[in-house]
Amino acid sequence: MSILPYLVCAWLFLVGIYGVATSRNLIHMIICLLVMQSSTYVLFLSGGYVTGGRAPVYANVAPGTKAVDPVVHALSLTDIVVATTVTGLLLAMTIQIYKERRTIDPEELRPLRNRG
Amino acid sequence: MDSLVALPVAIPLLAAALFSAASLWMPRRLADGVAFCICLVSGVLCWILLERSAQAPVLQWMGGWRPRGDVALGIDLLVDPASGLIALLACGLSIGALIFSWQYFDSVGTLFHSLMMIFLSALIGFAYSGDLFTQLVFFELMGVATYALTAQKLEESSLEGGLNYAVVNSVAAFSIMFGIGLVYAQTGALNLAQAGRVLSSSGSHEVAAIAAVLILGGYLVKGSQFPFQFWIADAHAVAPTPVCALFSGVMVPMGIYGAIRVYWTCFAPAMHPGPWEAILLCVGIASALIGTVECIFQRHLKRLLAFSTVAHMGVAVIGFGLMNGDGAAGAVQYLVGHGFVKGCLFLCAGVFLHDLDGVDEIALQGRGRKLNALKWIYFAAALGLAGAPGFGTFMGKESLERAEPAFGWLYMVVGGVTAAAVIRAGARIFFGVGVIPGPEQQAPTEREQGETRRMPQHVPLSMTCAAGLLLLGGFCCDLFPQVVGISQTAARRLIDYAGYWQTVFQSQAPAIRPQAVHGPNLESLLYAAGAIAIAVGLAAAWLKGAHLIWSPEGLLKRMHSGRAGDYVAWLAAGLAAMAVLSLVWVR
């Protein structure tokens, strides 16, 4: 049972990379980037999991009660913020590309081909 | 003194917020002035910190969270000579770029200044950070600022180039993140020194090997090494010129620096140097050769310079891969020396774009005849690229040749051939020679609209001065013996992981006896002369119409398809190859 999360994150990472590499739609490509990002969340959270641990909130419980590692939660939240920023920027760029070219298929969008 | 460390990172960020808040009413000149002052202040702070770090690295624990015993509770920023040098390079290039953009852009909103400030802050923060995750956050910040700067013009090609760059670098960032997750799961540590110490005493070798591949591979993507270099040409071709100067001058070298730092502090204590020596030498040699070859076949000046960056970064990676003090010293000196010279060349390309309305060397034939001051600067910078004595690149090559004399011919060829391509373009543009275009005629080009609308009568002084200033920076690297001394110290501290741990956890750095500074030796001078001869001779041959026996244009065009998906496929294949090599070696 303990190896399952790691298999899940490896799968998500590989599927994400495959999606980005073979994508035919920019929005699909950006979502695949998010899938790759999710694999790192699963990895962080599995790395910090303590069997039988509770959430790392000590409001009503005695200090020293077994809890999962809060550092990985903080790392995941930071990563979510970063991912949001990057995704927002990429989607904004996609909208601008659509306005100019009326297509978001990477096959049809190729920068700097001999248009001189 | 300790609390100064965070200032060069914090001040530009605050300035960026100020620019965003004041964007509606702040006039352009005021924004230019404030941005320039902020860069100057950061530069002075970085200089002071660099001077102090020559005696002992300067360490600041954020929020006062000092380590308890062996465990780091907080995040540290550490200025040692290597990070100090790279941060100073970032400040210097930013100053040059901002002086240049004073007259370069007709009209630019404060968004540009805001993004440049964020970029500078992220560069310095990345250089100084002593913690894996902090490095990653600054890496992402660098990325976000540059994706926006690249696509700023909102033209088709800028957006597409920006998107390709963004996708490839994001995949690299996720790969680094995955590697950090693996390191944390093994060691419970994010601090570089602590992670290195824990990995060396316990933990699975295979997991450490995979984590190293993911993290170092991710940083090498930023450093545009083979097989990850495909994004660089598209990004450089479309980004505004002052931004390109920063890209090639300091952002790409920052990726190489990140790889060096993480390897030596976190993985070198834990693993045998064998696999990474092999990987880095292969990657470095391949990048150096491929970058050089691709550089020859370009006619778009910014793409040409971008590929030459790949080649020169390959040389620095070879220095890294040699795994000794001289190699590391060579890598650091080369990164800094090359950064200034490359920045200067990009600013010259910007002058072409501004005054001659193009950067295509064939279309601009002979139109640069009246740019008198710029000619000297351009050709001097080309010689700097070849590694002429007096430049930081020469100093770097000297150290690299001392580290491993067998590769001296490779450095000579890389420097000579890339400089030949630059000289060829310059001779065409400034003197109108070379009427017969060579195979570079087939290269992709863009009818680039100048980033300004009017056709000025003369080159604004600020632009020429900015280019000259950066050239001077490249020149100064070799002239002052203190620079040589500090880069030797930088290298010694870089590779001394036990000393690094001691500095971080016990607040006392091992003393380093200053080494005797040698003068240039005959072999290096001969190699430098050879590089200059190759540069001038090859350029002359091409201008007379000589053709190479075999030109791989078809292959190059297919490889550089312009699709982000292809680049990511190469990235995945490269990471997989590195992982296989590492794991096989672990057995």
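Residues numbered from 1 in each chain as written. Chains lettered and ligands numbered in written order. Predicted model: local features only at pLDDT ≥ 70, side-chain atom pairs only at ≥ 80, totals over all residues. Heavy atoms only, no water.

Colleague: So what exactly am I meant to see when it comes to the nonpolar core here?
Modeller: Within soluble globular proteins, side chains that are nonpolar tend to cluster in buried spots. Residues and elements named next belong to chain B. Grouped together as the largest cluster of nonpolar side chains are 230 residues, with contacts concentrated most on Tyr128, Phe267, Trp276 and Phe352. Looking at which element gives the most residues to this core, the answer is helix α10 (residues 241-267), with 18 residues. If sequence neighbours within four positions are ignored, Trp276 has contacts with Ala212, Val213, Leu216, Tyr263, Met271, Met323, Met578 and Ser582. Of all hydrophobic cores here, the second largest spans 13 residues; its members include Val315, Leu400, Tyr411 and Val414. (Core = buried A, V, L, I, M, F, W, Y, C linked by side-chain atoms within 4.5 Å. Buried < 20%, exposed > 50% of the residue type's maximum accessible area, 1.4 Å probe, protein only. Helix = DSSP H or I, 4+ residues; strand = E, 2+ residues; numbered from the N terminus. Contact = heavy atoms within 4.5 Å.)

Colleague: Explain the packing of aromatic side chains here, please?
Modeller: To describe a pair of aromatic rings, one takes the distance between the centres and the angle between the planes. Residue and element names in this part refer to chain B. With the rule as written, the count across this model stands at 23 aromatic pairs over all chains. When the centroid spacing of 5.2 Å and the interplanar angle of 85° are considered together, the rings of Tyr147 and Tyr165 count as edge-to-face. Of the two residues, Tyr147 sits in helix α5 (residues 132-150) while Tyr165 sits in helix α6 (residues 156-187), which places them 18 residues apart along the sequence. Grouping residues by exposure puts Tyr147 and Tyr165 together as buried. A network of ring pairs unites the aromatic residues Phe119, Tyr147, Tyr165, Trp231 and Phe247 as a single cluster. (Phe/Tyr/Trp six-rings, centres within 6.5 Å; stacked < 30°, edge-to-face > 60°.)

Colleague: Could you clarify how one ought to interpret helix α16 (residues 408-431) of chain B in this entry?
Modeller: Because an α-helix completes one turn every 3.6 residues, residues spaced three or four positions apart along the sequence face the same direction. With 24 residues, α16(B) extends 33 Å between its outermost C-alpha atoms, agreeing within 8% with the 34 Å of an ideal straight helix rising 1.5 Å per residue. Of all 24 residues that make up α16(B), 21 are buried, and the element is covered over most of its length. (Expected span 1.5 Å × (residues − 1).)

Colleague: How do you make sense of the confidence of the model for chain B when you look at a structure like this?
Modeller: For residues with low pLDDT, the predicted coordinates do not support detailed interpretation. Across chain B, pLDDT averages 87, with 93% of residues at or above 70. Per the prediction output, this complex has pTM 0.93; the corresponding ipTM is 0.93. (pLDDT = per-residue confidence, 0-100.)

Colleague: Explain the side chain of B:Thr418 to me, please; I cannot follow it from the model alone.
Modeller: Residue and element names in this part refer to chain B. Structurally, Thr418 is set in helix α16. Within the structure, the side chain of Thr418 is placed 3.0 Å from the side chain of His312, a separation counted as a polar contact. With near-sequence residues (within four places) excluded, Thr418 lies in contact with Thr292, Cys295, Ser308, Ala311, His312 and Leu385. (Polar contact = N/O pair within 3.5 Å; in protein donor to acceptor, adjacent residues only side chain to side chain.)

Colleague: Explain the interface of chain B and chain A here, please?
Modeller: A common way to state how big an interface is: give the accessible area lost once the parts meet. Listed as interface residues are 51 residues of chain B and, on the opposing side, 43 residues of chain A. Surface buried jointly by chain B and chain A totals about 4,100 Å² across both partners, of which 74% is contributed by carbon and sulfur atoms. Viewed at the interface, chain A and chain B are joined by 2 salt bridges. Here B:Arg563 makes a salt bridge to A:Glu107, at a shortest N to O gap of 3.2 Å. At the boundary of chain B with chain A, the tally comes to 3 residue pairs in polar contact (both at pLDDT 80 or more). Counting only elements with at least two residues in the side of chain B that touches chain A, the list comes to α5, α6, α9 (230-238) and α22 (564-586) of chain B. The element best represented in the side of chain B that touches chain A is α6(B), accounting for 21 residues. A breakdown of the residues in the side of chain B that touches chain A according to their chemical character gives 28 nonpolar, 13 polar and 10 charged. (Buried area = accessible area lost by both parts, 1.4 Å probe. Salt bridge = Lys/Arg side-chain N within 4 Å of Asp/Glu carboxyl O. Nonpolar A, V, L, I, M, F, W, Y, C, P; charged D, E, K, R; others polar.)

Colleague: Explain the environment of B:Gly368 to me, please; I cannot follow it from the model alone.
Modeller: All names here are of chain B. Note on placement: Gly368 falls in the loop between α13 (325-356) and α14 (372-386). Residues Gly368 and Gly358, 10 residues apart in the sequence, show an inter-C-alpha distance of 11 Å. Not counting the four nearest positions on each side in its chain, Gly368 is found in contact with Leu356, Lys375, Ile429 and Phe430.

Colleague: Teacher, can you tell me more about the side chain of B:Asp32 here?
Modeller: All names here are of chain B. Looking at where Asp32 falls in the secondary structure, it is placed in helix α2 (residues 28-55). Taking the relative accessible area as the measure of exposure, Asp32 reaches 4% and is therefore buried. At a separation of 3.0 Å, a polar atom in the side chain of Asp32 contacts the side chain of Arg29.

Colleague: I'm lost on the packing of α5(B) against helix α8 (residues 205-222) of chain B in this one. Help?
Modeller: A pair of packed helices can be characterised by two numbers: the angle between their axes and the separation between those axes. Residue and element names in this part refer to chain B. Where α5 meets α8, the axes come as close as 13 Å, and the angle between the chain directions of the two elements is 25°. As judged from the angle between their axes, α5 and α8 are roughly parallel. Considering how the two elements wind past one another, α5 and α8 form a crossing that is left-handed. On the side of α5, the interface is formed by Leu132, Gln135, Leu136, Phe139, Met142 and Gly143, while α8 contributes Ile215, Gly218, Tyr219 and Lys222. For the contact of α5 with α8, the per-class residue count stands at 6 nonpolar, 3 polar and 1 charged. (Axes fitted to C-alpha atoms, helices over the stretch in contact; angles between N-to-C directions. Parallel < 35°, antiparallel > 145°, perpendicular 65-115°, else oblique. Left-handed = near helix turned anticlockwise from the far one by under 90°.)

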